[in-house]
Structures are given as structure tokens and as C-alpha cells.
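# Summary of the model geometry
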Amino acid sequence: MSPLAENSTAMTDSDFELLHIERDAGVVFATIDAPPINVMTPALFRELAKFSVHVADDDSVRVVVLRSDNPDFFIAHFDVTAILGYPTDGPAERPTEHVGFHAMCETYRTMPKATIVEIGGRVGGGGSELSMSCDMRFGALDRTVINQMEVPIGILPGGTGTQRLPRLVGRGRAMEVILGGVDVDARTAEQWGYLNRALPADELRPFVTDLAHRIAKFPPQAVALAKQAVNAADELPLNEGLFEERYLFQRLLRTPQAQPAMEQFLQLGGQTRDGEMRVGDLVAGISTDCDDTGD
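Let us look at the structure shown here. Everything numeric in this text was worked out from a predicted model, so none of it was measured. (Residues numbered from 1 in each chain as written. Predicted model: local features only at pLDDT ≥ 70, side-chain atom pairs only at ≥ 80, totals over all residues. Heavy atoms only, no water.)

## Focus: empty space enclosed by the protein
Under the counting rule described, the total for this entry stands at 1 cavity of 30 Å³ or more. Volume-wise, the largest cavity comes out at about 60 Å³. Along its surface, the largest cavity is lined by Ile-146, Leu-165, Val-169, Val-177, Val-184, Ala-189, Trp-192 and Tyr-194. Each residue belonging to the lining of the largest cavity can be placed in one class, and the counts come to 8 nonpolar, no polar and no charged. (1 Å grid on protein atoms, 1.4 Å probe; cavity = no way out; pocket = protein on both sides within 12 Å on 5 of 7 lines; lining within 4 Å. Points joined across faces, edges and corners; volume = space filled by probe spheres on them. Nonpolar A, V, L, I, M, F, W, Y, C, P; charged D, E, K, R; others polar.)

Following this line, the structure appears as C-alpha cells:
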């Protein structure tokens, strides 16, 4: 059981005050609404954590999208006034399991759903750390800005940032962002690998929405186990990762969706010259009965 599970008992979509939840064809959109600048207060953190558990085991959910309607801010950063109240009367302790913010980030990283972040404005601190924990990040040219502002105020990115950022952009660039506290524009963030893509602002939401619906149409076990296999690349040496990949491939062959999906691929023109010349569009037409998720 997730360490956050006890916080999600009997939650429904309408129980969230700072997140507006919409569901559409297997996609759940969570729009953050914590004016004026979407600071990640303890209240917003709790809702994001509860939401992660709320959707992680929901078989009707195949893709999760986090976004904000505030044109200037996705999430500003974690609430500094809350951090000032953290207890310091005693020695620092080294944890032995993920709790709190780390547990939330791990839930988004490991849940068997695709997790996508639509970053239409600024994102910083804990908001950036949450974003890096998700599977994909998309931003808006001339609007999206990434910042880790912790070191200038005497702390460090303590919500997974020092571990996630180097894995995304490399050690030297992570040092520039973390030690320098610099703003990184959307184009640079795309070039460095933080953002999957930086799009014109008016194209960002349609692109993310279309991608989410595209993924949601595919066999959910294929999405879940492919994500698990990719995550193994961060967790296992190459040789062990290859064994894991082969095992997960074998598991998918035994699911009820695999054969119908492959047959549809051939029926739609797969393995023909014309079909393979437009294979990205061709596979978008594959849709299987996803009610039975198999093994």
C-alpha cells in the first residue's frame, strides 16, 4: 500500500477544492487553482498527494494530466512560510522509506498510468520537482520558465529535485540551475531535455489533450508495463534492465489485448509500404476493448 493511501479514503472527484477534476474517455485532467500564483501550500500538497492515490488504482483512468489555467503560473514553488515552521530541534535524520513529498512524487512516477504535465507558465521548486516526477512535460514558448530557487534562500531542492534534475539534463546543467537559482526559458528547457517539447502557447493545450487521448486509446497494460520497463532504466544496471524488459514483453503477449491490437495493426495496413510510410497516424487508429486489463 502507498504511504499516502490512508489520506485518500473514499475520496471522490468533487472532494478537491484546489484541483478541478475532469474525466474524458480514460483521461483525467486535474487543473490546479490556488490563486494568486499557485504556491504549493500544505493544503495544495495534500490535495495533489490524495489525487495521486485516488487515480493510481482506478482502472477507468489511463492517462493523468496536471495543468493550470493561470497563464503565468503552473506551480510557483513550495510555501516558504510553511518551511520556516519545520521543526529543527534535534539532529537531522536519514530516512529509510519514502514519506511525505517524496512519497507523492514516487506515486506519480510509478503509477501504472501515463502522467503528463502541461506547464503553461512558471514552475519552480516543489512544482518543478513534481513535474520531473511525471512521465512527460510540455511547455509554452515565451511563457514557460523553470526555476529551482532553494539554494539562494539557504536550503536545497528537497522534494526529489537534486536526484531528478541531473537525470533529465545532466550534472553540469543541473548544477547551473540548482546552484545558480537561474530562470530557464522554455526553448532552453526543451533543448536540455527538461521539456519534451516547447510549443506556441496557443498550441500547448490542444497538443497535450490530443496526446493524452491518443495514449488512453491503447491497451492499458501495454502502457503500464512499457512505463514500468522504462522506469527500470533508472533503477537497474543495463543487463538486469534487459532481463526485465524481456520478462515484461512476455507478460504482455499473454494479455487479452495484445493479439487483437496486433491484428488491427495488420488490418489497418501495417507491414505495407503505404501503411509504414504513415505508421504514426496508422497506429493512432488502433483501439481495443480496455475493460479487461489482464494479468
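## Regarding the layout of surface pockets
Here the largest pocket defines a volume of roughly 1,100 Å³. Taken together, 36 residues form the lining of the largest pocket, with Glu-106, Arg-109, Thr-160, Gln-163 and Arg-164 sitting closest to its centre. Mapped onto the lining of the largest pocket, the elements with two or more residues apiece are helix 3 (100-110), helix 4 (125-133), strand 7 (136-140), helix 5 (161-169) and helix 9 (220-235). Considering every element that reaches the lining of the largest pocket, the biggest residue donor is helix 9, with 8 residues. (Helix = DSSP H or I, 4+ residues; strand = E, 2+ residues; numbered from the N terminus.)

## Brief notes about helix 5
Within helix 5, burial applies to Gly-161, Arg-164, Leu-165 and Val-169. Buried residues of helix 5, viewed axially, fall in a sector of 100°; they line one side. On its buried face, helix 5 sits against helix 3, helix 4, helix 6 (171-180) and helix 7 (186-192). At the C-terminal side of helix 5, Gly-170 shows a positive phi close to 95°. (Buried < 20%, exposed > 50% of the residue type's maximum accessible area, 1.4 Å probe, protein only. Arc of directions from axis to C-beta. Contact = heavy atoms within 4.5 Å.)

## Overview of the sheet that holds strand 1 (residues 19-24)
The strand order across the open sheet built from 6 strands is 1-2-3-5-7-10, with neighbouring strands paired in mixed fashion. Edge positions in the sheet fall to strand 1 and strand 10 (197-199), since each of these pairs with one other strand and no more. Across the sheet, the mean angle separating the axes of adjacent strands is 20° when strand polarity is ignored. In this structure, strand 1 lies alongside strand 2 (residues 27-32), joined through 6 bridges in antiparallel fashion. Counterpart to His-20 in the pairing with strand 2 is Thr-31. (Pairing = 2+ DSSP bridges. Axes fitted to C-alpha atoms, helices over the stretch in contact; angles between N-to-C directions.)

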